[in-house]
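# Report on the structure
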Amino acid sequence: MGTYKRLPVTIVKGKGCWLWDQKGKRYLDAVAGIATCSLGHSDNSLRQSLTKQLKRIQHVSNLYRIPEQEALAQWLVEHSCANKAFFCNSGAEANEAAIKLARKYAHCIRGIDQPVILTAKASFHGRTLAAVSATGQPNYHKGFAPLVQGFEFFKYNDFESFEGLVKELDSNGPRVAAVLIEPIQGEGGINIGDRVFFQKLRKKCSENGILLIFDEVQTGMGRCGYWWGYEYLGIEPDAFTIAKGLGGGHAIGALMVKSHADIFEAGDHASTFGGNPFACTAGLTVAKEIEKRNLLSKVNNRSDQLKQGLVELVNKFPKHIKESRGLGLLQGLVIHEDSQLTAQVFAQNALQEQLLVVAAGAKVIRMVPPLVIKESEIRQLLRRLTATFRKIK
Ligand SMILES: *Cc1c(COP(=O)(O)O)cnc(C)c1O
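The paragraphs below set out a description of the structure included in this document. What you are looking at is a predicted structure, and each value in this text was computed from that prediction instead of being measured.

## Quick look at the sheet that holds strand 6 (residues 151–154)
Within the open sheet, the seven strands sit side by side as 4-12-11-10-7-5-6. Their pairing is mixed. A strand with exactly one partner marks an edge of an open sheet, and here the two such strands are strand 4 (84–88) and strand 6. Looking at each pair of strands side by side, their axes are set apart by 20 degrees on average, direction ignored. Examined bridge by bridge, strand 5 (residues 116–120) and strand 6 share four bridges and lie parallel to one another. Counterpart to I117 in the pairing with strand 6 is F151.

Structural data, given as structure tokens:
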């Protein structure tokens, strides 16, 4: 179907941070399958563990116990604030699970009949009907009415906007069940969460019995130089969702909950493929390799190098670029609002320099390279960005 506006390039092979098209042309990959290929392409350790897994077993269903799933759940619980995991296959699905959990929590724990979940403007939570209804960007809603009811939107990083909405909705008794929010808005333009805002948000949610649920689909699994984006903000959510980087390029998602939010019972929710041995081995291998290779500290070093280079780019091309912003290896260049240039056009032009970057909204050029990117490759990335800007009128 015509669901994607694809760039005119056909990728057939990858190794580390490099991709080859069918003519043998080599591209530097600062997209990494949209922040998914954490270990880069065709990583030896991931390939070996998945090959072994395929020889043993691929899929059995959640009718039975799955040791690979239990091992990944164990690892995630030991390395986060959560106590339990539910596995699915994507970010949208993880958020669907979170939305169902929030509603059940409201009905069963708090006795709310008409629960409302608050999300932020400019947020992105996925493309299934409930996840897109939770997404605070009207352009994603167009043509899909009637949307799923029970979502209201406040301004990101604006506590007054949030508090005002709670006051309004709770005026005839409590209705606000949960907040679903990204620690850094990815698709919405790489907007970094404000620590003070999030700390106030945490306090208000705790005082009012509102579940604070983080969408860590893009920010999680080391992308931001921490295992989880919430660590940067200095607070803990009651639950959070993950997907993208978890499988190193393989489909897997999860809803993680603390004990007090661990309310799903048998029959409440399910996924045929969720938590299958193959996907969970991918997840566990990615997690252990990030640890073994000390990638979190490497992400921070490469991030410093990239950020410094991006600041130089802002100074070199002030006509086009307004600023650079990001955390870890989730970085963006913001194009001036009144400039003709769009991030999509830039991504297209970057192909000439054999560089892959991806838009985050209309005006932000996003860079989310594999976490294994080397110092010399960051230099290459900056050189190719510069060359692309030079050719833009
Ligand atoms: C990509 C993304 C999603 C959707 O994930 P899919 O795997 O495409 O369903 C949800 N939330 C955030 C923050 C994302 O970046």
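## A short note on the sheet that holds strand 15 (residues 355–356)
Across the sheet, which stays open at both edges, the four strands sit in the order 1-2-3-15 with mixed pairing between neighbours. In the strand order of this sheet, the two ends are held by strand 1 (11–15) and strand 15, each with one partner. Bridge analysis of strand 2 (residues 18–21) against strand 3 (residues 26–29) gives three bridges, and the strand direction is antiparallel. The residue bridging L19 from the neighbouring strand is Y27, located in strand 3. Taken strand by strand, helix 12 (residues 375–390) contacts strand 2, strand 3 and strand 15, and its axis lies near 105 degrees from that of strand 3.

## Examining the pattern of salt bridges
The final tally for this structure, using the stated rule, is 15 salt bridges. Residue E163 pairs with K204 through a salt bridge whose shortest N-O separation is 3.9 Å. In this pair, E163 sits in helix 6 (residues 159–169) while K204 sits in helix 7 (residues 195–208), placing the two residues 41 residues apart along the sequence. Across the salt bridge formed by E187 and R366, the nearest N and O atoms sit 2.8 Å from each other.

## Description of the site of the ligand
The full set of residues close to the ligand is S90, G91, A92, N95, F124, H125, G126, E182, D215, V217, Q218 and K244. Within the backbone of F124, an N or O atom sits 3.3 Å from a nitrogen atom of the ligand. Among the elements that make up the shell around the ligand, the one with the highest residue count is helix 4 (residues 91–109) (three residues). Its residues assigned to classes, the shell around the ligand shows three nonpolar, six polar and three charged.

## A look at the environment of G309
Looking at the secondary structure, you find G309 in helix 10 (residues 295–316). Here the alpha-carbon distance between G309 and T386, two residues 77 residues apart in the chain, equals 9.8 Å.

So, how was this worked out
- Residues numbered from 1 in each chain as written.
- Predicted model: local features only at pLDDT ≥ 70, side-chain atom pairs only at ≥ 80, totals over all residues.
- Heavy atoms only, no water.
- Pairing = 2+ DSSP bridges.
- Helix = DSSP H or I, 4+ residues; strand = E, 2+ residues; numbered from the N terminus.
- Axes fitted to C-alpha atoms, helices over the stretch in contact; angles between N-to-C directions.
- Contact = heavy atoms within 4.5 Å.
- Salt bridge = Lys/Arg side-chain N within 4 Å of Asp/Glu carboxyl O.
- Near = heavy atom within 4 Å.
- Polar contact = N/O pair within 3.5 Å; in protein donor to acceptor, adjacent residues only side chain to side chain.
- Nonpolar A, V, L, I, M, F, W, Y, C, P; charged D, E, K, R; others polar.

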